[in-house]
Amino acid sequence: MTDQSTPRPLAGIRVLDLSRVLAGPWCTQQLADMGADVVKIERPGRGDDTRHWAPPWLDGTDESSYFLSANRGKHSVCVDFSRPEGRDLVRRLAADSDVLVENFKVGRLAGYGLDYQSLREINPSLIYCSVSGFGQTGPYASRAGYDFLIQAMGGLMSVTGEPDGEPMKAGVAFADVFTGLYSANAILAALHQRHTTGTGTHIDMALFDVQIGVMANQALAYLTTGANPPRLGNAHPSIVPYQVFPTADEPLVIAVGNDDQFARLCAVLGAEELAEDQRFATNAERVACRDTLVPILSGHLRTARRGEWLKRLETAGVPSGPINTLEQVFDDPQTQARQMRIQRRHASGRDVSLVGNPIRFDDQRLNADRAPPILGQDTFTILRERLALDDATLTDLLERDVIAGADTTQRA
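Residues numbered from 1 in each chain as written. Predicted model: local features only at pLDDT ≥ 70, side-chain atom pairs only at ≥ 80, totals over all residues. Heavy atoms only, no water.

A. Expanded view of the overall build of the chain. When you go through the chain residue by residue, the secondary structure sums to 18 helices and 14 strands. Projecting the C-alpha coordinates of the chain onto the three principal axes gives extents of approximately 85 × 50 × 40 Å. Taking all 412 residues of the chain together, 45% fall into the buried category. When contacts within the chain are restricted to residue pairs at least 6 apart in sequence, those whose partners lie at least 24 apart make up 69%. Surface summary for the chain: the accessible area is close to 20100 Å², and the carbon and sulfur share equals 52%. (Helix = DSSP H or I, 4+ residues; strand = E, 2+ residues; numbered from the N terminus. Buried < 20%, exposed > 50% of the residue type's maximum accessible area, 1.4 Å probe, protein only. Contact = heavy atoms within 4.5 Å. Areas by Shrake-Rupley, 256 points an atom, 1.4 Å probe, with all protein chains shown as cover.)

B. Up close: the pairing of strand 7 (residues 242-245). The pairing of strand 7 with strand 8 (residues 252-255) spans four bridges and is antiparallel. Paired with Phe 245 across the bridge in strand 8 is Leu 252. From the end of strand 7 to the start of strand 8, which pair antiparallel, there are six residues. (Pairing = 2+ DSSP bridges.)

C. Spotlight on the sheet that holds strand 9 (residues 320-322). Pairing is antiparallel in the open sheet, where three strands are placed in the order 7-8-9. Each end of this open sheet is capped by a strand with a single partner; those strands are strand 7 and strand 9. Put simply, the sheet's adjacent strands are angled 20 degrees from each other on average, direction ignored. Sitting on the sheet, helix 12 (residues 290-301) touches strand 7 and strand 8, and the angle it makes with strand 7 is about 45 degrees. (Axes fitted to C-alpha atoms, helices over the stretch in contact; angles between N-to-C directions.)

D. Quick look at the environment of Thr 282. Structurally, the position occupied by Thr 282 is in the loop between helix 10 (272-276) and helix 11 (283-288). Residue Thr 282 is classed as partly exposed on the basis of its relative accessible area, which comes to 32%.

E. Highlighting the sheet that holds strand 5 (residues 127-132). Here seven strands make up an open sheet; going across it, the order is 6-5-4-1-2-3-14 and the pairing mixed. What marks the edges here is a single partner per strand, and that holds for strand 6 (201-206) and strand 14 (403-404). Where strand 3 (residues 74-79) lies against strand 14, two bridges are found, and the strand directions are antiparallel. When the bridges of strand 14 are listed, Cys 78 appears paired with Ala 404. Running at roughly 145 degrees to strand 1 (residues 14-18), helix 3 (residues 84-95) makes contact with strand 1, strand 2 (37-42), strand 3, strand 4 (99-102) and strand 14 of the sheet. Running at roughly 90 degrees to strand 3, helix 16 (residues 379-387) makes contact with strand 1, strand 2, strand 3 and strand 14 of the sheet.

F. The arrangement of the packing of aromatic side chains in detail. One pass over the structure, following the stated rule, counts seven aromatic pairs. Between Phe 81 and Tyr 112, the aromatic rings sit 5.4 Å apart at their centres with planes inclined by 75 degrees, giving edge-to-face as the arrangement. Residue Phe 81 is found in the loop between strand 3 and helix 3, and its partner Tyr 112 is found in the loop between strand 4 and helix 4 (116-122); the two are separated by 31 residues along the sequence. Since its relative accessible area comes to 11%, Phe 81 is described here as buried. With 5.5 Å between their ring centres and 45 degrees between their planes, Phe 134 and Phe 208 make a pair best called tilted. One end of the pair, Phe 134, is in the loop between strand 5 and helix 5 (147-153); the other, Phe 208, is in helix 7 (residues 207-213), and 74 residues separate them in sequence. A relative accessible area of 8% places Phe 134 in the buried class. Ring pairing ties together the aromatic residues Phe 81, Phe 104 and Tyr 112, which thus form one cluster. (Phe/Tyr/Trp six-rings, centres within 6.5 Å; stacked < 30°, edge-to-face > 60°.)

G. Examining the environment of Thr 315 more closely. On the secondary structure map, Thr 315 appears in helix 13 (residues 306-316). Of the residues examined, Thr 315 reaches a relative accessible area of 72% and is grouped as exposed. For Thr 315 and Val 268, which are 47 residues apart along the polypeptide, the C-alpha to C-alpha distance reads 9.4 Å. Among the polar contacts made by the side chain of Thr 315, one reaches the main-chain carbonyl oxygen of Lys 311 at a distance of 2.9 Å. (Polar contact = N/O pair within 3.5 Å; in protein donor to acceptor, adjacent residues only side chain to side chain.)

H. Structural detail: the packing of helix 9 (residues 259-269) against helix 13. Running from N to C, helix 9 and helix 13 point in directions that differ by 140 degrees, and their axes come no closer than 10 Å. Judged on the interaxial angle alone, helix 13 and helix 9 are oblique. As for how helix 9 packs across helix 13, the hand of that crossing is right-handed. Residue-level inspection shows Arg 264, Leu 265, Val 268 and Leu 269 of helix 9 in contact with helix 13, the latter providing Trp 309, Arg 312, Leu 313 and Ala 316. For the contact of helix 9 with helix 13, the per-class residue count stands at six nonpolar, no polar and two charged. (Parallel < 35°, antiparallel > 145°, perpendicular 65-115°, else oblique. Left-handed = near helix turned anticlockwise from the far one by under 90°. Nonpolar A, V, L, I, M, F, W, Y, C, P; charged D, E, K, R; others polar.)

Encoded structure:
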């Protein structure tokens, strides 16, 4: 079964999403997949910045693939809350919400009366999650934070790249995605806490903090020794052999995690003597002698093609695999068996392919039913249903550019 047929775990939870770009939307998409009813507030005429981060576009539309990646399952409502009437609409929606997520610069929403202190007065049970580059406090709090900067400042780039090359960022927005996941995790904890206290809370999430937090073993290597971990390219600082190796045609990855696996690798290579060599008998010794061992292993692996090695390594139980392109990833039978590519009908009338949520409950995927919305797709519906605005009021707000709907924001 591809999707949840029974009520999802967050069914009935209302989320007001004032975030844009990636970290905040990644968080709220996760909540939407879990069943929350997410209303995304966007600027009339332009919307979320990522709607314009393209190409690529969804074929035949002006919807960017970047926006599509992080906004499944949401309602798009266009409200200009720089206007008093718009602020009132957002405050009324917040009064009836369980969670609010925002990623404005620190202090910006206070000027609109949409900060946590203002909204808790009208909704004491509101869980308010602020996502920013550097957090709500500290000397950098007022700075804008973009993922690339955070990867640099938070240490990731110092350990990524070839030893003699320049520091490198990850190929995806690592800090943004992790911050979105941590934010969703914090919100779930706050919802649980609210069952006991009856009140909401203010969650302060910083990309900078998250980047440092997920440095994991590399951060502890520094804290333990006082020495900065070096860049090792595709090699591992604490495990050998655990890297990319050449073959007679295409490279492969070998990830040996213990001494037994190393012995099996040596047997596959026809080099059993390496497992008996005291220089390589334990992982610690292999790490110390990596510059000797790795060229020897590479010499053996160059004698056959990648496909042949992968068959033999898999049979022997040695962790290994190809370096796939995304085309190969989505063609992989494991990807297909795990239903990691899904389709939803977009408002344009096209089916859009999306990446499935990796979470399963009772062997069912938690994927929201709705495709990412076009700009202003749900403005009139949400304002009618949630705030009981009549057609005359909606028309007045529309004519005064306080709100916008899909028919006025989507190009013909």
